[in-house]
Amino acid sequence: MLSLLQEKLEGAFKKLRGHAKISESNISESMREIRMALLEADVDFKVAKDLIENIKTKALGEEVLRTVSPSQQIVKIFHDEMVELLGRETAPLDLGQPQRILVAGLNGAGKTTTSAKLALLLKKQGKRPLLVACDVFRPAAVKQLAVLGESIGVPVFQPSPDEKDAVRAAQQGMEWVKQQGGGIAIYDTAGRQEVDDELLAELVKIRESLQPQEVLLVADAATGQQAVSVAKTFNDSIKVTGLILTKLDGDARGGALLSMKQVTGCPVKFVGVGEKMEQLEVFHPDRMAQRILGMGDVVSLVEKAAEAIEMEDAERLAKRVQQAKFDFNDFLGQMKFMKRLGPLESILGMLPGMGKLKDLNVDENRMKHTEAIILSMTPKERSHPEIINGSRRKRIAGGCGRPVVEVNQLIKQFEMMRKVMGNKGMMKGLMGSMMGGAGGMPSDMAGLMGGGGGGGMGGMGGGKMPKIRKRPRGFRF
């Protein structure tokens, strides 16, 4: 995510290292580098120009502390200006009565999927979401929303297959919501391959009919300035109240994200960071600024872990580890916990300095292979790994379609893990590692859960956690 922008900014900040103080001469070259980094990231020209001017003005007008290097000072100023650019405060949804959310956007931006993702997010917050299909233009759009709604356990209104009037479909949806006893109704509307008068006229009529509290525009972050232009056009017609940027996980540039708020005046409220239903996140400007600068997003990582972990399971696991009873059933449970957090590379990107390391070597397939091997074991073998002899290993390998050597390697690594757990002197570091800390596991365990080489997340992702000191000095403040 935004890797190209991170790399370019890192190079720009290096220009200031070694200088004792900030001056007009030494800051000019760095500002040129930063401007080029922003423009190459497809940031709107005027937005980039204003950002650079603000940074330069504040940098030359501030008293630099003796304990702070010029590069650290510039990073701090850049961070604060970027937070301002992204919206400063997190923009919450307006869920006042009658609790209607209109979702609009072009085809291909992920509008229908995002509507379902938003419904799931609200459901997890204890709300009662309802999905209303108003896209009578695209074939199978209604069916797609119905399937997604069923997968997350959210009721979906489906207009008649013969219904071709989107406004009438929306009005029928309002009546259906009343029959359901009310709730937060999310109206998924039709899109087009490009903005046209017919689409905008239809949306204006739907908006006037629904009178929604929120009008959310779904835009593809990877399309850069095209997404910004689309957002501006939609906002001029239907008065957008918030933006949802999708496919941010595949956007190495970040131009749309950095330009949206300034150009359209609309806050980014959510970002899509993956294809799974759970991968829609509330947008926090300060956290995103930190991630762009390579400082990580530990707060979001902790929130993900708190949402995914069951305290009873954690306490049970802690007792079993203390009693040296950790088995493959427990290990499988930890793997499933990690999968709920999301892709390992995404998790590592939330840790300070980790996103820029080139030798993480995260192998998602290795994790899948490990899970397949464990699932090929009998319940007794998973509970008592010590009984797995040569013939059992051959049967397990045949059952999961993996080589016997991989089965042998997994069991060997697992036995080493159990020995470590039997050593009370190493228990504290091990448990800290398993809960996401930086405690070091022996590097021989790197292959257990997908980590390789220098990669992995402590005990959960593989070998030793790379030390945070590898983060470039210019990114500290």
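Since we're looking at a predicted model, the values are computed, not measured.

**Student:** I'm lost on the UniProt feature "domain: SRP54-type proteins GTP-binding" (unreviewed entry) in the protein chain in this one. Help?
**Tutor:** UniProt tags residues 267-280 as "domain: SRP54-type proteins GTP-binding" (unreviewed entry). Between the end C-alpha atoms of residues 267-280 the distance is 16 Å, and the span holds 0% helix and 43% strand.

**Student:** Please clarify how the pattern of salt bridges should be interpreted in this entry.
**Tutor:** Oppositely charged side chains are able to pair whenever their charged atoms sit close together. For the structure on display, the rule yields 17 salt bridges. The salt bridge involving Lys 76 is made with Asp 80; its shortest N-O contact spans 2.6 Å. You can see Lys 76 and its partner Asp 80 sitting in helix 4 (residues 70-86), four residues apart, about one turn around the helix. According to the relative accessible area criterion, Lys 76 is partly exposed, its value standing at 33%. Among the residues examined, Asp 80 registers a relative accessible area of 31% and is labelled partly exposed.

**Student:** What is the right way to look at the environment of Val 103 in this model?
**Tutor:** Mapped onto the elements, Val 103 comes out in strand 1 (residues 100-105). Not counting the four nearest positions on each side in its chain, Val 103 is found in contact with Lys 111, Ser 115, Ile 186, Tyr 187, Asp 188, Thr 189, Leu 216 and Val 218.

**Student:** When you look at helix 10 (residues 255-264) in this model, what are you seeing that I'm missing?
**Tutor:** The α-helix winds at 3.6 residues per turn, so residues separated by three or four positions along the chain end up facing the same way. For helix 10, a buried count of seven out of ten residues is recorded, marking the element as mostly surrounded by other parts of the structure. Phi for Gly 265, located one or two positions after helix 10, is positive at around 80°.

**Student:** What is the right way to look at the packing of helix 7 (residues 166-179) against helix 8 (residues 197-210) in this model?
**Tutor:** When two helices pack together, you describe them by how their axes are tilted relative to each other and by the distance separating the axes. Two numbers describe how helix 7 lies on helix 8: the axes approach to 9 Å, and their chain directions differ by 25°. In this view, helix 7 runs roughly parallel relative to helix 8, as classed from their interaxial angle. Here helix 7 and helix 8 pass one another in a crossing that is right-handed. Counting all contacts with helix 7, which are made through Ala 166, Val 167, Ala 170, Gln 171 and Met 174, the residues of helix 8 involved are Glu 202, Lys 205, Ile 206, Ser 209 and Leu 210. Residue composition of the contact of helix 7 with helix 8, grouped by class: six nonpolar, two polar and two charged.

**Student:** What is the right way to look at helix 18 (residues 390-400) in this model?
**Tutor:** Looking only at helix 18, the buried set comprises Arg 393, Ile 396, Ala 397 and Cys 400. Looking straight down helix 18, one finds its buried side chains confined to an arc of 100°; they lie on one side. Exposed residues on helix 18 whose side chains face more than 90 degrees from its buried face are Ser 391, Lys 394, Gly 398 and Gly 399. Gly 401 sits one or two positions beyond helix 18 and adopts a positive phi of about 75°.

**Student:** Whenever I open this one, the pairing of strand 7 (residues 268-272) confuses me. Can you help?
**Tutor:** Looking down a regular strand, the side chains alternate between one sheet face and the other. Taking burial as the measure, the five residues of strand 7 include five buried ones, the bulk of the element. Taken together, the three bridges between strand 6 (residues 242-246) and strand 7 define a ladder with parallel strand orientation. Note on strand 7: the bridge partner recorded for Leu 243 is Val 268. Examined bridge by bridge, strand 7 and strand 8 (residues 280-282) share three bridges and lie antiparallel to one another. Bridging from a neighbouring strand, Val 271 pairs with Glu 281 of strand 8.

**Student:** Help me out: how do you make sense of the environment of Ser 237 in this one?
**Tutor:** Inspection of the secondary structure puts Ser 237 in helix 9 (residues 225-238). Distance in space between the C-alpha atoms of Ser 237 and Leu 200 is 6.7 Å, their sequence separation being 37 residues. Not counting residues within four places of it along the chain, the set of residues in contact with Ser 237 comprises Leu 200 and Val 204.

**Student:** When you look at the sheet that holds strand 7 in this model, what are you seeing that I'm missing?
**Tutor:** Picture the strands of a sheet paired through backbone hydrogen bonds; they go either parallel or antiparallel. Spatially, eight strands are ordered 3-2-4-1-5-6-7-8 in an open sheet, and the strand pairing comes out mixed. Every interior strand has two partners, whereas the edge strands, strand 3 (156-157) and strand 8, have only one. One ladder, built from five bridges, connects strand 2 (residues 129-133) with strand 4 (residues 184-188); its direction is parallel. When the bridges of strand 4 are listed, Pro 129 appears paired with Ile 184. Strand contacts of helix 6 (residues 141-152): strand 2, strand 3 and strand 4, with the helix running at about 165° to strand 2, the strand carrying the most contacts.

Rules used in this analysis
- Residues numbered from 1 in each chain as written.
- Predicted model: local features only at pLDDT ≥ 70, side-chain atom pairs only at ≥ 80, totals over all residues.
- Heavy atoms only, no water.
- UniProt positions renumbered as here; feature names shortened; annotations may be inferred.
- Helix = DSSP H or I, 4+ residues; strand = E, 2+ residues; numbered from the N terminus.
- Salt bridge = Lys/Arg side-chain N within 4 Å of Asp/Glu carboxyl O.
- Buried < 20%, exposed > 50% of the residue type's maximum accessible area, 1.4 Å probe, protein only.
- Contact = heavy atoms within 4.5 Å.
- Axes fitted to C-alpha atoms, helices over the stretch in contact; angles between N-to-C directions.
- Parallel < 35°, antiparallel > 145°, perpendicular 65-115°, else oblique.
- Left-handed = near helix turned anticlockwise from the far one by under 90°.
- Nonpolar A, V, L, I, M, F, W, Y, C, P; charged D, E, K, R; others polar.
- Arc of directions from axis to C-beta.
- Pairing = 2+ DSSP bridges.

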